[in-house]
Amino acid sequence: METSSPRMTGGTREAPVNSSPAVAANAEGEEIEVLESTDVLPVAPEDQWKSLFDKYDPENSGFISTERFRDLLATHGSELDPHKLEVLLALADGNADGKICYQDFVNLMSNKRSNSFRRAILQGSRQLKGCSLRDEVGLGLSQRLVRHVAYETLPREVDRKWYFDSYTYCPPPLLILAITIAEVAVFMYYGFQLDRVVLQVSSPSFLKSPLPYHPQLRAQAWRYLSYSFMHTGIEHLSLNMAMQLLVGVPLEMVHGALRIGLVYVCGVLAGSLAVSVTDMTAPVVGSSGGVYALVSAHLANVVMNWSGMKCQFKLFRMAMALVCMSVEFGRAVWLRFYPPAFPPCPNPSFVAHLGGVMVGLTLGVVVLQNYEQRLQEQSLFWIFFCVYTLFVLCAVFWNIFAYSLLDVRLPPPP
């Protein structure tokens, strides 16, 4: 929805114009997000940002003093969300050298969450004097939900306030919901087809579906991902679905579908490849690879930022998550070594869980730690991504050559 906000050029105001409430231009001329509020700070192209900067830098030194920056914020403070105004004032006070360069000026005024902006946040957040987001009153149901999600996933009050002011439910968190609905639909379909819901894997037709990964059919590349939509029974589906929704949806609301989808898909793929390398004769089904990647990344993020995480009953909730993961993993281990219903084909492997955990503790942790930061600017992200890519390539070559070289006796195809 478009709103009207005054445009400012060289410190003067022009007539209101129609503009998106989250657009401004950066040094490349691309659009960047600006502080979003009911009355939004005026959007401006780069030359207008420069004109405004020059007004507060009459000596053309390339810097403006934090005192002048505070004057600017005081002048236009009514146009900002209160939480963002609080942060920006703290940033002006917390700048160590008492000056703000042009790029930092653009970053601060346009909500460009760059590395320099994060460093400024770390300085300024020490001086925040406003009340915590938890003390806000008079919030609607949707606002309370956003506040709850902020405290569940973000370790710092400054990020929680920023997220609370910026989140708009657009786009809505539909990725994890869509995956869950697809898994339920597949389960119901095979429930009717196999005429059972508990331990479906004991049906002789269970592995005849085109979805599960089977070592004899490993050349069918889609099975390395599609196996996640099929489960061994309602007990398997229920545990995965509960963890997927309770953890995945809030994470998607904060970090977006692209990032959470990356972690989830990487966990699913790592799970099936780990099975093909370490448990070469076993099939695999279930979304545990993706689910464990998300849950383990979230739990690791909570532990690493324990003092900053303000979610209620965090110790109890973490214990419950670990119990659910342990129960589901223990069940998978028991099923793997339980005598198979139809030998010589073994029951599905549990190694996919471990592949998901490894992705969550490496790639997933980096993604969750960098709230609104460009992942391509994070060296640790590229290190883990390259390691993951190397693992995938090695696993592919393993699947091509190792089975014949090791003379592995595979179960017959389903």
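What this report covers is the structure whose coordinates are included nearby. Keep in mind that this is a model prediction, so the values were computed, not measured.

## Digging into the overall build of the protein chain
Then, in step 1: Scanning the protein chain from terminus to terminus reveals 14 helices and 8 strands.
Then, in step 2: For the protein chain, the proportion of its 414 residues judged to be buried stands at 51%.
Then, in step 3: Counting only contacts in the protein chain whose residues sit at least 6 apart along the sequence, the fraction spanning at least 24 positions is 70%.
Then, in step 4: Surface summary for the protein chain: the accessible area is close to 19400 Å², and the carbon and sulfur share equals 65%.

## Quick look at the nonpolar core
Then, in step 1: Ranked by internal contacts, the top residues of the largest apolar core, which has 58 residues, are Tyr163, Tyr213, Tyr264, Val295 and Val359.
Then, in step 2: Mapped onto this core, the elements with two or more residues apiece are α6 (141-153), α7 (157-166), α8 (175-194), α10 (234-278), α11 (288-304), α12 (314-337), α13 (351-369) and α14 (379-405).
Then, in step 3: A per-element tally of this core places α10 first, with 15 residues.
Then, in step 4: Other than its neighbours up to four places away in sequence, Tyr163 contacts Val146, Val149, Ala150, Leu154, Met253, Val254 and Tyr371.
Then, in step 5: Of all hydrophobic cores here, the second largest spans 11 residues; its members include Val186, Phe206, Leu207 and Leu211.

## Re α7
Then, in step 1: Counting buried residues along α7, 10 of its 10 residues qualify, which places the element largely inside the surrounding structure.
Then, in step 2: Every buried residue belonging to α7 is among Glu157, Val158, Asp159, Arg160, Lys161, Trp162, Tyr163, Phe164, Asp165 and Ser166, and all of these are buried.

## Quick word on empty space enclosed by the protein
Then, in step 1: Applying the stated criterion across every chain yields a total of 3 cavities of 30 Å³ or more.
Then, in step 2: In this structure, the largest cavity spans a volume of roughly 60 Å³.
Then, in step 3: Taken together, Thr232, His236, Val285, Glu328, Arg331, Ala332, Leu335, Pro348, Ser349 and His353 form the lining of the largest cavity.
Then, in step 4: Considered class by class, the residues forming the lining of the largest cavity number 4 nonpolar, 4 polar and 2 charged.

## Considerations on unusual backbone geometry
Then, in step 1: The omega torsion across Cys170 and Pro171 is 0°, close enough to zero to call that bond cis.
Then, in step 2: Assignment of secondary structure puts Pro171 in the loop between α7 and α8.
Then, in step 3: Of note, the phi angle at Asp195 is positive, near 60°, even though the residue is not glycine.
Then, in step 4: Counting through the fold element by element, Asp195 comes out in the loop between α8 and α9 (223-226).

## Focus on the environment of Ala274
Then, in step 1: Inspection of the secondary structure puts Ala274 in helix α10.
Then, in step 2: Measuring from C-alpha to C-alpha, the distance between Ala274 and Phe350 comes to 9.9 Å, with 76 residues separating the pair along the chain.
Then, in step 3: Every residue in contact with Ala274, bar those within four places of it in the chain, is listed here: Asp279, Val351, Gly355 and Phe391.

Definitions and cut-offs
Residues numbered from 1 in each chain as written. Predicted model: local features only at pLDDT ≥ 70, side-chain atom pairs only at ≥ 80, totals over all residues. Heavy atoms only, no water. Helix = DSSP H or I, 4+ residues; strand = E, 2+ residues; numbered from the N terminus. Buried < 20%, exposed > 50% of the residue type's maximum accessible area, 1.4 Å probe, protein only. Contact = heavy atoms within 4.5 Å. Areas by Shrake-Rupley, 256 points an atom, 1.4 Å probe, with all protein chains shown as cover. Core = buried A, V, L, I, M, F, W, Y, C linked by side-chain atoms within 4.5 Å. 1 Å grid on protein atoms, 1.4 Å probe; cavity = no way out; pocket = protein on both sides within 12 Å on 5 of 7 lines; lining within 4 Å. Points joined across faces, edges and corners; volume = space filled by probe spheres on them. Nonpolar A, V, L, I, M, F, W, Y, C, P; charged D, E, K, R; others polar.

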